[in-house]
Amino acid sequence: MQYVDSWRAVAAATGAADRSAAEDGLRLAYRSAGLAEPERIVWVDSPRAAVAAVEKLVDAGRSVRDAIRTRPWAQERRRMYDELGPAGWSALWSATGAQLWETTAALAERIRAGVVADLSDGPEDASDVRLVLLDAVLGQHDAAWLAAFDGRGDRLDGLAEVARHAGWWWPYERAVVISERPEALYRDEAGRLDRGDGPALAYRDGFALHAWRGMPVPAEFLEELNSLTPKRIREEENAELRRVMLEFYGYDRYLTESGAEPVHRDETGVLWRIALDGDEDVVMVEVVNATPEPDGTHRVYWLRVPPGTRTAKDGVAWTFGLQGDAYAPVRQT
């Protein structure tokens, strides 16, 4: 659909908000909900700062998120469902919002978790922070469902305008707290937060999330990656962090430098096994591309296979969805 790419860009947008356009949008959202425009608009640099600002609001009134965001969305969804029918609505969602939902929802959840972690000293604090987060309209991170309604009426125009120009916002009867967008966002090809040399998501007030291929990691952990040794990898007690270390270091390099011995070899390749305390074994098949590179060399590939793999052929077959006895390629490429 024509709107998906533009809303994908909205969800991934970084840099300073267009405050004037965003404020026009939130005022329109209030009017569309039949509410008086807010008396105060408070800008902050991140969702973390927004939670702190909300907790300090005085005489802001109750949250109007349901009236501004939840109810209009439900009404528009019902209208479109009635107009298109079950199959038509399903097709529309599949072609629009579903294309963006998984990555934007995951990103929003990571931001929530990061805010809770930064602002909580204990379970009671965490509960209070989560309650404030429930009042948030997600701005640019509402892109998935806004994509489904774009061009199909003006009821959600205010919400869409804020989303195009700003981050998360908290609507109350007489006041709004609204956040800037992030300054930086790094993701891998699957859309997961991913950066090995700094924060994968960063706001200008210092609120940041660090991740490696989607897995949250401490900032100091990333600083250590460039000085890894096989010994340090083996000594890491956290199995998930140790897995990240191995991916960053390179399985082939680890095998070479740790003096590992192959456990099986046949005409398809060489099977290697890395035993890890407190975690499943890492099993890899080393295969050589039969087709030479332009310079005449043959490229080596490392394929990770299930821990129970016993032969190189079984491992290569598994990558094709086959059993070892059924794998018999006529020509290997």
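Further up the page is the structure itself.
These notes cover the structure that comes with them. The model shown is predicted, which means the values in this text are computed figures rather than measured ones. (Residues numbered from 1 in each chain as written. Predicted model: local features only at pLDDT ≥ 70, side-chain atom pairs only at ≥ 80, totals over all residues. Heavy atoms only, no water.)

Residue placement: Ser179 occurs in strand β3 (residues 175–179). Taking the relative accessible area as the measure of exposure, Ser179 reaches 0% and is therefore buried. Residues contacting Ser179, with those up to four places away along its chain left out, are Trp43, Val44, Asp45, Ser46, Pro47, Ala166, Gly167, Trp168 and Tyr203. (Helix = DSSP H or I, 4+ residues; strand = E, 2+ residues; numbered from the N terminus. Buried < 20%, exposed > 50% of the residue type's maximum accessible area, 1.4 Å probe, protein only. Contact = heavy atoms within 4.5 Å.)

Turning to the environment of Ala202, a few remarks are in order. Relative to the elements of secondary structure, Ala202 occurs in strand β5 (residues 201–202). Between the C-alpha atom of Ala202 and that of Ser258, which follows or precedes it by 56 residues, the distance is 36 Å. Excluding anything up to four places from it in sequence, Ala202 contacts Pro182, Glu183, Ala184, Phe207 and Ala208.

Our next topic: the layout of surface pockets. In this structure, the largest pocket occupies an estimated 310 Å³ of space. The wall of the largest pocket is formed by 19 residues, among which Arg69, Trp101, Arg112, Leu138 and Asp142 lie closest to the centre. The element contributing the most residues to the lining of the largest pocket is helix α5 (residues 97–119), with five residues. Looking at the lining of the largest pocket residue by residue, the class counts come to twelve nonpolar, two polar and five charged. (1 Å grid on protein atoms, 1.4 Å probe; cavity = no way out; pocket = protein on both sides within 12 Å on 5 of 7 lines; lining within 4 Å. Points joined across faces, edges and corners; volume = space filled by probe spheres on them. Nonpolar A, V, L, I, M, F, W, Y, C, P; charged D, E, K, R; others polar.)

A word on empty space enclosed by the protein. For the coordinates displayed, the defined rule picks out one cavity of 30 Å³ or more. Of the pockets and cavities examined, the largest cavity occupies roughly 40 Å³. In terms of lining, the largest cavity is formed by Val137, Gly139, Asp142, Trp145, Leu146, Leu159, Ala163 and Trp169. Secondary structure elements with two or more residues in the lining of the largest cavity: α7 (143–149) and α8 (157–165). Here the lining of the largest cavity is built from residues that sort into six nonpolar, one polar and one charged.

Attention shifts here to the packing of aromatic side chains. Under the defined criterion, the tally for this structure stands at nine aromatic pairs. Judged by centre distance (6.3 Å) and plane angle (75°), the ring pair of Trp145 and Phe149 falls under edge-to-face. Of this pair, Trp145 and Phe149 both sit in helix α7, four residues apart, which is roughly one turn of that helix. Between Trp168 and Trp170, the ring centres sit 6.4 Å apart and the planes meet at 40°, which makes this aromatic pair tilted. You can call Trp168 buried: its relative accessible area is 1%. Grouping aromatic residues by their ring pairs yields a cluster made of Trp73, Trp89, Trp93, Trp101, Trp145 and Phe149. Between the NZ or CZ atom of Arg195 and the centre of the ring of Tyr186, over which it lies, the distance is 4.2 Å. (Phe/Tyr/Trp six-rings, centres within 6.5 Å; stacked < 30°, edge-to-face > 60°. Lys NZ or Arg CZ within 6 Å of the ring centre and 35° of its normal.)

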